[in-house]
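The residues making up each chain are set out below.
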Amino acid sequence: MQAMPSTILMVLSAARAIPLTDGTVRPTGYWAEEVVVPYELLTGQGLRVRIATPSGRLPAVDSLSLDPREHGGDREKVARLEDALARIPGLTAPEDLAAMDDQVMDGIAALFFPGGHGPMVDLWQDPDVARLLRHCHARGKPVAALCHGPAALLAARDASGRNLYAGYRATSFSDAEEAQTELAGRLPHTLAAALRAQGLKVETGPAWGAQVVVDRDLLTGQNPASAAPLAQALLGVLGSLSPSAIPPQG
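Our subject in this report is the structure included herewith. (Residues numbered from 1 in each chain as written. Predicted model: local features only at pLDDT ≥ 70, side-chain atom pairs only at ≥ 80, totals over all residues. Heavy atoms only, no water.)

### Quick word on the nonpolar core
Which entries qualify depends on this criterion: As used here, the term nonpolar core means buried Ala, Val, Leu, Ile, Met, Phe, Trp, Tyr and Cys residues forming a set that is joined through side-chain atoms within 4.5 Å. Burial status follows relative accessibility: with a 1.4 Å probe on protein chains alone, a residue under 20% of its type maximum counts as buried, one over 50% as exposed, and anything between as partly exposed. Under the DSSP-based scheme used, a helix requires at least four consecutive residues in state H or I and a strand at least two consecutive residues in state E, with every element numbered from the N terminus.
Counting residues in each nonpolar core, the largest one holds 35 residues, and the members touching the most others are Leu-9, Leu-111, Phe-113, Val-129, Leu-133, Val-143 and Tyr-165. Mapped onto this core, the elements with two or more residues apiece are strand E1 (7-11), strand E6 (110-113), helix H4 (127-139), strand E7 (143-146) and helix H6 (191-197). Looking at this core element by element, the count peaks at 5 residues for H4. Of all hydrophobic cores here, the second largest spans 32 residues; its members include Tyr-30, Val-35, Ala-84 and Leu-234.

Structure, rendered in structure tokens:
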């Protein structure tokens, strides 16, 4: 049995606030469950997960993602998430995306972009995100993005300005779900609409239900409920890759 490629780069937004169309600014960041669940599933299978942000800035958890009301009043679940976040060392010492050159990336098996609204502030136009996506796309390396994490795909342009993933099937946080949040009607655009505008074929399922779409080397999940299925899909893809296709890193 061949060994699974061993290192995943989890790319987090470093944004802490999102400007809204009504002139207000709301705190934002990454969504706790969308970091914890994939991190635990991937590391539980023996994979190393490195965490990086733009300029190596400390990422912020969206406080709403630790509000018991977002979890059906389950305070124990929130406590578990808080404890899990405290045990992820990369959250307090993230690497700098700019330091992820081709030599480093040659040891990376896949990218994973969690959500929260943060990626709609910085990752969607980050030049280092664009560079990493071009690296992966050119080599057929898997890219997984969850909820609002697919905003990072908006940075993936070729020299002509065309999105590298135009024509790919994908999913993201849906317009129906966005309409049920406190930001409804106050975002410049919804993520699903922005992805469609760049040529991706966005397929969303029922609001708040798990939905994962896999098309070639692109794996996307719709919402927090999709965190585990997306990580499992990525494990499945990585398990089919040989070490000669993507060099493992110890």
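### So, the side chain of Gln-211
The condition that has to hold: By the criterion applied in these results, polar contacts are pairs of N or O atoms within 3.5 Å in which, for protein atoms, one can donate a hydrogen and the other can accept it, and in which residues neighboring in sequence qualify only through two side-chain atoms. A contact between two residues is defined here by any heavy atoms of the two lying within 4.5 Å.
Relative to the helices and strands, Gln-211 is located in the loop between strand E9 (201-202) and strand E10 (212-215). Polar contacts involving the side chain of Gln-211 include one to the main-chain carbonyl oxygen of Glu-203, which spans 3.1 Å. Setting aside chain neighbours within four positions, we find Gln-211 in contact with Thr-171, Glu-203, Thr-204, Gly-205, Thr-220, Gly-221, Gln-222 and Ser-226.

### Regarding the layout of surface pockets
Selection criterion: In this analysis the probe radius is 1.4 Å and the grid spacing 1 Å, with only protein atoms considered; a cavity is a set of points the probe fits into but cannot get out of, a pocket is an open set with protein on both sides within 12 Å along at least five of seven lines, and lining residues have an atom within 4 Å of a point. Grid points are joined across faces, edges and corners, and a volume is the space filled by probe spheres set on the points.
Estimates place the volume of the largest pocket at around 390 Å³. Every residue lining the largest pocket is counted, 21 residues in all, and those nearest its centre are Trp-31, Glu-70, Phe-173, Thr-181 and Trp-208.

### Details of the packing of helix H1 (residues 32-44) against helix H7 (residues 227-239)
Put simply, the rule is: In this analysis, axes come from line fits to C-alpha atoms, helices being fitted only over the stretch in contact, and the angle between any two N-to-C directions falls in the range 0 to 180 degrees. By convention, the crossing between two helices is left-handed when the near helix turns anticlockwise from the far helix through less than a right angle, and right-handed when the turn is clockwise.
Between H1 and H7, whose axes approach to 9 Å, the crossing angle comes to 35°. Note on packing geometry: the crossing formed by H1 with H7 is right-handed. Between H1, through Glu-33, Val-37, Pro-38, Leu-41 and Leu-42, and H7, the contact on the second element is made entirely by Ala-227, Ala-228, Ala-231, Gln-232, Leu-234 and Leu-235.

### Concerning unusual backbone geometry
In this model, Cys-147 sits at a positive phi of 65°, which is unusual for a non-glycine residue. Locating Cys-147 in the fold gives a position in the loop between E7 and strand E8 (169-170). Overall, Cys-147 belongs to the buried group, its relative accessible area being 3%.

### Observations regarding the packing of aromatic side chains
To be explicit about the condition: Here the aromatic set is Phe, Tyr and Trp, taking the six-membered ring for Trp, and pairing holds for ring centres within 6.5 Å; pairs whose planes are under 30 degrees apart are stacked, those over 60 apart are edge-to-face, and all others are tilted. Charge-over-ring contacts are defined here by two conditions on Lys NZ or Arg CZ: a distance within 6 Å of the ring centre and an angle within 35 degrees of the ring normal.
The full count for this structure, using the stated rule, is 2 aromatic pairs. Where Tyr-165 meets Tyr-168, the ring centres are 5.1 Å apart and the plane angle is 80°; that geometry is what we call edge-to-face. The residues Tyr-165 and Tyr-168 share a single accessibility class, namely buried. Taking the centre distance of 5.4 Å and the plane angle of 65° together, the rings of Phe-173 and Trp-208 count as edge-to-face. In this pair, Phe-173 sits in the loop between E8 and helix H5 (175-178) while Trp-208 sits in the loop between E9 and E10, placing the two residues 35 residues apart along the sequence. Residue Phe-173 is classed as buried on the basis of its relative accessible area of 5%. The class for Trp-208 is partly exposed, based on a relative accessible area of 41%. The side chain of Arg-216 reaches across the aromatic face of Tyr-168, ending 3.7 Å from its centre.

### Remarks on H4
Our working definition: Helix span, expected: 1.5 Å multiplied by one less than the number of residues in the helix.
The end-to-end C-alpha separation of H4 is 19 Å, in line with the 18 Å expected for 13 residues at 1.5 Å each. For H4, the complete set of buried residues consists of Asp-128, Val-129, Ala-130, Leu-132, Leu-133, His-135 and Cys-136. Buried-residue contacts for H4 involve E1, helix H3 (102-105), E6 and E7. Between a side-chain oxygen at the N-terminus of H4 and the backbone nitrogen of Asp-128 the separation is 2.8 Å; the capping residue is Asp-126. Phi turns positive, to about 70°, at Gly-140, one or two residues after H4.

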